[in-house]
Amino acid sequence: MKTSIIGYPRVGGLRELKFATEKYFKGKITQEELKATAKSLREANWQVQKASGLDLIPSNDFSFYDILLDTANLFNIIPQRYTDLGLSELDTYFAQARGYQGEKGDVKALAMKKWFNTNYHYMVPEIEANTKIQLQGTKPFDEYHEAKALGIETKPVIVGPFTLLKLAKNHSDRSLKDLAEDLKVAYSAYLDKFAQENVSWLQFDEPYLVHDVDSDDIALLKDLYNEILRHKGQSKVLLQTYFGDIRDCYADVLDLAIDGIGLDFLEGVQSLSLVDSHSFPEDKILFAGLINGKNIWKNNYQKTLAVLDHLKEKGITSYLSTSCSLLHVPYSLKHENKLPEHYKAHFAFAEEKLTELKELSLLADKDYTNEATYQANQALFTNRPDAHDEKVEQRVAAIDDSYYTRLPEFSVREKVQKEAFHLPLFPTTTIGSFPQTRDVKVNRKAFRKNEITEEEYKAFNRQKIKDCIALQEEIGLDVLVHGEFERNDMVEYFGEHLNGYLFTEKAWVQSYGTRCVKPPIIWGDISRSQSITVEWSEYAQSLTKKPVKGMLTGPVTILNWSFPREDISVKESTLQIALAIRDEVLDLEAHGVKIIQVDEAALREKLPLRKSDWYKEYLDWAIPAFRIVHSGCQEDTQIHTHMCYSEFTDIIPAIDNMDADVITFEASRSDLQILDSLQANHFQTQVGPGVYDIHSPRVPSQEEIEDQVRKILKKVKAEKLWINPDCGLKTRGEKETTASLINLVKAAEVIRHEYTRSI
Ligand code: GLN
Ligand code: ZN
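Student: Quick question: what am I supposed to make of the sheet that holds strand β20 (residues 595-599) here?
Tutor: Note on sheets: strands pair through backbone hydrogen bonds, and any given pair is parallel or antiparallel. Read from one edge to the other, the open sheet built from five strands follows the order β19-β20-β21-β22-β23, with strand pairing classed as parallel. If you trace the sheet from one side to the other, it starts and ends with β19 (549-553) and β23 (686-689), each paired once. If you compare each strand with its neighbour and ignore which way they point, the axes differ by 20 degrees on average. As defined by bridge partners, β20 adjoins strand β21 (residues 638-643) across five bridges and the pair is classed as parallel. Bridging from a neighbouring strand, I595 pairs with Q638 of β21. Each of β20, β21 and β23 touches helix α17 (residues 410-421); the most contacted strand, β23, lies at about 70 degrees to it.

Here you go:
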């Protein structure tokens, strides 16, 4: 049996690309040096894959920032405001990814959105009136040749035209059909070029097909591919889908003149029945996505081989593949030195998944039940040390309605809280973290390595908190934060303080651009044995008369940004986490912290891609899980929540049902359409739509913020509005942060005057 993968992580096993890119941004290394690092990382990836015996090795899965942005730029989809800067090709690319503020101009970054149901983010391509879509770039060809020069034949990968078109923003007055015409020509040129070189396989990623797709979509897909596929010459084309099944268009896709179809058999709950109920064409190859590209558990060989056996019995030619790109898992277990072997034996990161592919491909061709690799694999699934905690399981079983209902109801609480806090109109606040400067990281690292004592570590953090509170008072913010200096990451931090979690040293996964996250692993039943944040929040509150927000991460986000268990449901794990965070909320309240923010940054992350599944598969338990966290609070305790991105237009009632008192969310990078929907849905919760973008280093001017608030005020009632940045400030520098917050507070003052004069 042959093997293939859809893509590989690219930041480097030790995040070499991240560090090199950030140095480049700071002008510490040259473009040539950055490119050399990138090249050596690509080579390392290919060599590892080749050594593992993988049959189809991907190329062009490398990216300096994002694959969709790469694809857009390959076809010359670059808004003019970026080309006008007159920068080098790579800098024009980075300007789109992160904005540009310098001697050549001042432009914001493109919008950034979550990549399907993952924590990876893509840059939204923008098609303008004068965009001339055509094959322009050379990246896929260059990288293919680069591998070839190493003696490695690869399978070039790009995002397909259907997904590109569905995800791009069309700012031109041209119709979709019209744009499709240009894309056909551009993608055909791409195919022509590779066909001339007799490339054996080309992969087109079309994950958009796993959504609910309608007849217009299917017509568009056919229109695109019927033309493009004419140009494949001797090359074979693999149409790759992932993150679900393609139940709405299975037969249509298989009708295309493609040579292979990649189906996800894990998230795609109907993939197998689709294959069973339709005949699979004899002249095509099925790329069976059976190795999980999103989770880190070892594959259960019994289950995988059963599917492969079944496909073989049906006479289907298959290649064994991953369910999605391995981009969403960390590089390699070989960097994990602290994780005990009896746990480690259960995991497979990207590199170990290559081994699994090899082992499975060998087993698939044999009578495998007596094979040692098979038996060793099966032994893992009967033995999970210390995963179960009876007390936790009983506590979850005892959750009743009272846990899901906070009393008194919102409107009563709102009045009580207005009187209790005496906040000005348009209160200003931040989302929680302050810049994680070098000294903060150095301090944490020194403590981890036992180079300093716990007391020294804490003393440093207390000083940081003191400075942070003083700074916020000086700037004039209304509701303060302690700054989160003790946290590496908003989820990992809680993982490390909860029972049932395991954590890694180097298991980084790309989130966006150079930003990576290190999701902790849910190993067993989860509980809290002592307070986690109380000491820091209590200390911060002792330094000021202004309210300081306690800062926690919510259960859904903790779950969604962890690697979840596969032996119990995610709902069950989420309820366990909710009870643990509830304990912490009540603890904070008992220690005099009267405003508590419970971040649900990743609430949308596991929202099913098909609308029809939203409530029954997800929101019906995820939203109640959030309510467990704060239903035990007093009426004058104000609960805030924060969500990254404002993409909840379509689930506004669910968001209101979280029953928080205030919600802050990203709004500066997207249009303010969300606000119309809030209005239309009679949204109760007070809102803080972020007034400037923290994902970029540019400093917003006071006027710019004023304008943004004026726009927001047209749609949000004054007494409901908070003024805050988009998200936490931890990735920003101190200088730009202070400058931005000063402008934010000044803007709030101006707007307050304006507003009170006008009534
Ligand atoms: N409180 C967190 C912070 O400020 C929220 C981060 C997030 O939403 N991603 O860092
Ligand atoms: Zn956020």
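Student: Hey, could you run me through the packing of helix α1 (residues 16-25) against helix α2 (residues 31-52) in this one?
Tutor: Each pair of packed helices can be described by the angle between their axes along with the distance between the axes. Where α1 contacts α2, the axes come no closer than 9 Å and their chain directions differ by 170 degrees. Judged by the angle between their axes, α1 and α2 are roughly antiparallel. Seen from α1, the contacting residues are E16, L17, A20, T21 and Y24; seen from α2, they are Q31, L34, T37, A38 and L41. Split by residue class, the contact of α1 with α2 holds six nonpolar, three polar and one charged.

Student: Looking at this structure, I do not really get the nonpolar core. What am I missing?
Tutor: Counting 123 residues, the largest nonpolar core has L34, F64, F648, I655, F665 and L678 as the members making the most contacts within it. Contact partners of L34, with chain neighbours within four places excluded, come to L17, A20, T21, Y24, I29, F64, L90 and F94. By size, the runner-up hydrophobic cluster in this structure holds 112 residues, among which are I127, V199, I296 and C324.

Student: Help me understand the packing of α2 against helix α5 (residues 89-98), please; the structure alone is not making it clear to me.
Tutor: In contact at an axis separation of 11 Å, α2 and α5 are set at 80 degrees when each is read in the N-to-C sense. On the basis of the axis angle, α2 is roughly perpendicular to α5. On α5, the residues touching Q31, L34 and K35 of α2 are L90, D91 and F94. The residue makeup of the contact of α2 with α5, split by class, is three nonpolar, one polar and two charged.

Student: Even after reading the chapter, I still don't get the coordination of the zinc ion (ligand 2), so can you show me in this structure?
Tutor: Metal coordination angles have textbook ideals: 109.5 degrees for a tetrahedral set of four donors and 90 or 180 degrees for an octahedral set of six. Protein-derived coordination of the zinc ion (ligand 2) comes from H642 (NE2), C644 (SG) and C727 (SG), at a distance range of 2.0 to 2.2 Å. Each of the four donor atoms bound to the zinc ion (ligand 2) contributes to angles spanning 87 to 125 degrees, and the resulting shape is tetrahedral. Written as a sequence motif, the donor residues of the zinc ion (ligand 2) are H-x1-C-x82-C. Taken as a pair, C644 in the loop between β21 and α25 (652-656) and C727 in the loop between α27 (702-713) and α28 (734-758) lie far apart in primary sequence, 83 residues in all.

Student: Where do I start with the pattern of salt bridges in this structure?
Tutor: A side chain with one charge may pair with a side chain of the opposite charge, provided their charged atoms come close. The final tally for this structure, using the stated rule, is 54 salt bridges. A cluster of three or more residues bridged by salt bridges with shared partners is formed by R42, D70, K139, E143 and E146.

Student: Looking at this structure, how should I read helix α9 (residues 215-228)?
Tutor: Residues spaced three or four apart along an α-helix point in a common direction, a consequence of the helix completing one turn every 3.6 residues. A rise of 1.5 Å per residue sets the reference length of α9, with its 14 residues, at 20 Å; its end C-alpha atoms lie 20 Å apart and thus fit the reference within 8%. For α9, every residue scored as buried is listed here: D217, I218, L220, L221, L224, Y225 and I228. One side of α9 carries all its buried residues, which in axial view fall inside an arc of 160 degrees. Of the exposed residues in α9, those oriented more than 90 degrees away from the buried face are S215 and D216.

Student: Explain the site of ligand 1 to me, please; I cannot follow it from the model alone.
Tutor: Around ligand 1, a shell composed of I431, G432, S433, E484, M490, M551, D599, A601, H642, C644, C727 and G728 is seen. Between ligand 1 and I431, the relevant distance is 3.0 Å, taken from a nitrogen atom to a main-chain nitrogen or oxygen of the residue. Between ligand 1 and E484, the relevant distance is 2.8 Å, taken from a nitrogen atom to a side-chain nitrogen or oxygen of the residue. In isolation ligand 1 exposes 290 Å². Once the protein is present, 93% of that is buried. Grouping the amino acids of the shell around ligand 1 by side-chain chemistry returns six nonpolar, four polar and two charged.

Student: Please clarify how the sheet that holds strand β14 (residues 318-322) should be interpreted in this entry.
Tutor: Taking strand neighbours across the sheet as the criterion, the eight strands line up as β1-β14-β13-β12-β11-β10-β8-β2 in an open arrangement whose pairing is parallel. On the outer flanks of this sheet lie β1 (2-3) and β2 (57-59), each paired with one strand and no other. For strand β13 (residues 285-291) and β14, the ladder comprises five bridges, and the chain directions are parallel. From the neighbouring strand, I291 faces β14, where its bridge partner is T322.

Student: Looking at this structure, how should I read the pairing of β14?
Tutor: Note on strand geometry: in a regular strand, side chains alternate between the two faces of the sheet. Within β14, five of the five residues are buried, leaving the element largely enclosed by the surrounding structure. Burial along β14 is two-sided: the residues S318, L320 and T322 and Y319 and S321 are all buried. Note: β1 against β14, two bridges, orientation parallel. Its bridge partner lying in β14, T3 is registered against L320. Each parallel crossover has a hand, and the one from β13 via helix α12 (residues 301-313) to β14 is right-handed.

Parameters at a glance
- Residues numbered from 1 in each chain as written.
- Chains lettered and ligands numbered in written order.
- Predicted model: local features only at pLDDT ≥ 70, side-chain atom pairs only at ≥ 80, totals over all residues.
- Heavy atoms only, no water.
- Pairing = 2+ DSSP bridges.
- Helix = DSSP H or I, 4+ residues; strand = E, 2+ residues; numbered from the N terminus.
- Axes fitted to C-alpha atoms, helices over the stretch in contact; angles between N-to-C directions.
- Contact = heavy atoms within 4.5 Å.
- Parallel < 35°, antiparallel > 145°, perpendicular 65-115°, else oblique.
- Nonpolar A, V, L, I, M, F, W, Y, C, P; charged D, E, K, R; others polar.
- Core = buried A, V, L, I, M, F, W, Y, C linked by side-chain atoms within 4.5 Å.
- Buried < 20%, exposed > 50% of the residue type's maximum accessible area, 1.4 Å probe, protein only.
- Donors = N, O, S within 2.8 Å, 3.2 Å for Na, K, Ca; no water.
- Tetrahedral: all angles 85-135°; square planar, octahedral: opposite > 155°, others 65-115°.
- Salt bridge = Lys/Arg side-chain N within 4 Å of Asp/Glu carboxyl O.
- Expected span 1.5 Å × (residues − 1).
- Arc of directions from axis to C-beta.
- Near = heavy atom within 4 Å.
- Polar contact = N/O pair within 3.5 Å; in protein donor to acceptor, adjacent residues only side chain to side chain.
- Areas by Shrake-Rupley, 256 points an atom, 1.4 Å probe, with all protein chains shown as cover.
- Right-handed = clockwise from strand over helix to strand, strands pointing away.

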